[in-house]
Amino acid sequence: MGTSSGGPIFLVNSYRIPLIQDRWVIVPVREKWQSTGKSEILKARDGTHSILDVMISFRIICALAVAYVCTAPFISLASAAPKPRGGAVVQLRLADTNRYLMSAEVEGRRVKFIIDSGAGISGIDQRLARSLDLPSPPSRSGVPSHVVVNGRKVRMAMVSGLRAGPMNFGSAPMCVFPPGLLGDGDGLLGSDLLRRYKAVLDCGSAQLTFKTSVDSTSGLPAKLRSAGYRSVKLTDRGGNLFVPCRLQGEDFSLLVDTGAFVTLLQREKLTRLGIPSRKTGMRHSIVFGESSGIRSVHPEDHQLTVAGIPVNMVVGASSHSMFDKKMGSRGLGMLGTDVLQRHGAIIDFDSMLLYFRPPSGTAQRRR
């Protein structure tokens, strides 16, 4: 096959931040941000982190994963959420870069795959692809030999022998990305394979379950509702999964992106709604292109809700022509790991449902 035109790729740099025992609770990662008060965010240091999405493409260098909590330290949600029964269960690790990593094997070689619901297609690092001598997709497969990302060709390859714990993924086409583009991962598991293998991702406990029978998740929705979860239907837009949300009483949608280090909203829409934002000294740049600044939006200034539940956290704001164009008139931005993890979100890629609840052990702030 020939060349296929693909959309952008989100790449988010990881900045390392501390757990601060105060009204701010920072997503725990190794190297530290400093905070001089409730509204002050100072400079972060080095780190690289990437989120891939061949349907939406960007490089975002940001570090705004600051979670607002009304009373004190971060409380893990891992033990509270009901679990699917049976199925192939893979325990993930929430890395220092605030991304979910899956230990796996490709043709017997140990690798790490990023779990990225915001990526419409899975990918693999060029160095690993070369060392394994991965072939291009056969012409009869209907898979293009290349896709185009912002004017650049990205080769496709067939990856065989991918396994993670009890799960055998068989053979699948993946994009081959330049060395280092995936940051702390050797590959990326996108929404294409997560949907194909009927995955259920528990963001609170960092656990991935692949349905192997009808009984794998039997009774799970009722158990989640009794545990205080609300469910909302996801919409597939060209391989990207969007969830309805509301901001200042208006209806929008957010890309559900577990590869995104931080939740990021379009500055143009925030400005129209009269929502202030603050400079951070950080920037994001489009892959192979220009860059733009990142601003922070504090919880006292926005009324963002998902499934009717307030998101009382600092979020990011960005203004970029391609970002605005790809999100569309009702697209608001990306729902990142910072919010998904704190709210114990569960993503059912088979049923196309997002389960969401208030943070455990914290009272919701009154509007």
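Everything numeric here is computed off the predicted structure, so don't read it as measured data. (Residues numbered from 1 in each chain as written. Predicted model: local features only at pLDDT ≥ 70, side-chain atom pairs only at ≥ 80, totals over all residues. Heavy atoms only, no water.)

1. Regarding the overall build of the protein
Part 1: Within the protein, the regular secondary structure consists of 6 helices and 29 strands.
Part 2: The buried share of the protein, taken over its 367 residues, is 57%.
Part 3: In the protein, the share of contacts with a sequence separation of at least 24, taken over all contacts with a separation of at least 6, comes to 72%.
Part 4: When the accessible surface of the protein is split by element, carbon and sulfur atoms take 49% of a total near 14,100 Å². (Helix = DSSP H or I, 4+ residues; strand = E, 2+ residues; numbered from the N terminus. Buried < 20%, exposed > 50% of the residue type's maximum accessible area, 1.4 Å probe, protein only. Contact = heavy atoms within 4.5 Å. Areas by Shrake-Rupley, 256 points an atom, 1.4 Å probe, with all protein chains shown as cover.)

2. Quick look at the packing of aromatic side chains
Part 1: Overall, the coordinates contain 2 aromatic pairs when judged by the stated rule.
Part 2: A ring pair is formed by Phe 169 and Tyr 197, whose centres lie 5.3 Å apart and whose planes are at 85°; its orientation type is edge-to-face. Of this pair, Phe 169 sits in strand 13 (residues 167-177) while Tyr 197 is found in the loop between helix 2 (191-196) and strand 15 (199-202), placing the two residues 28 residues apart along the sequence. Residue Phe 169 shares its accessibility class with Tyr 197, and that shared class is buried. (Phe/Tyr/Trp six-rings, centres within 6.5 Å; stacked < 30°, edge-to-face > 60°.)

3. Here's the deal with the pairing of strand 16 (residues 207-210)
Part 1: Burial of strand 16 is two-sided: the residues Gln 207 and Thr 209 facing one way and the residues Leu 208 and Phe 210 facing the other way are all buried.
Part 2: Direction of pairing for strand 6 (residues 88-91) relative to strand 16: antiparallel, over a ladder of 4 bridges. Counted as the bridge partner of Gln 91 is Gln 207 from strand 16.
Part 3: For strand 15 and strand 16, the ladder comprises 4 bridges, and the chain directions are antiparallel. For Val 200, the partnering residue across the bridge sits in strand 16 and is Thr 209.
Part 4: Hairpin remark: strand 15 followed by strand 16, antiparallel, with 4 residues in the connecting loop; positive phi at Ala 206, about 55°. (Pairing = 2+ DSSP bridges.)

4. Re the sheet that holds strand 16
Part 1: Pairing is antiparallel in the open sheet, where 6 strands are placed in the order 6-16-15-28-29-17. Taken across any chain shown, the strands that pair with only one partner, and hence form the sheet edges, are strand 6 and strand 17 (230-233). Direction aside, the axes of adjacent strands within the sheet are offset by 15° on average. (Axes fitted to C-alpha atoms, helices over the stretch in contact; angles between N-to-C directions.)

5. Let's talk about the environment of Arg 99
Part 1: Relative to the helices and strands, Arg 99 resides in the loop between strand 7 (93-94) and strand 8 (100-106).
Part 2: C-alpha of Arg 99 to C-alpha of Gly 185: the two residues are 86 residues apart in sequence and 9.6 Å apart in space.

6. A word on the side chain of His 302
Part 1: Tracing the sequence through the fold places His 302 in the loop between strand 23 (291-297) and strand 24 (304-306).
Part 2: Looking at His 302, its side chain comes within polar contact range of the main-chain oxygen of Met 313, at 2.8 Å. (Polar contact = N/O pair within 3.5 Å; in protein donor to acceptor, adjacent residues only side chain to side chain.)

Read these as geometric descriptors, not functional statements.
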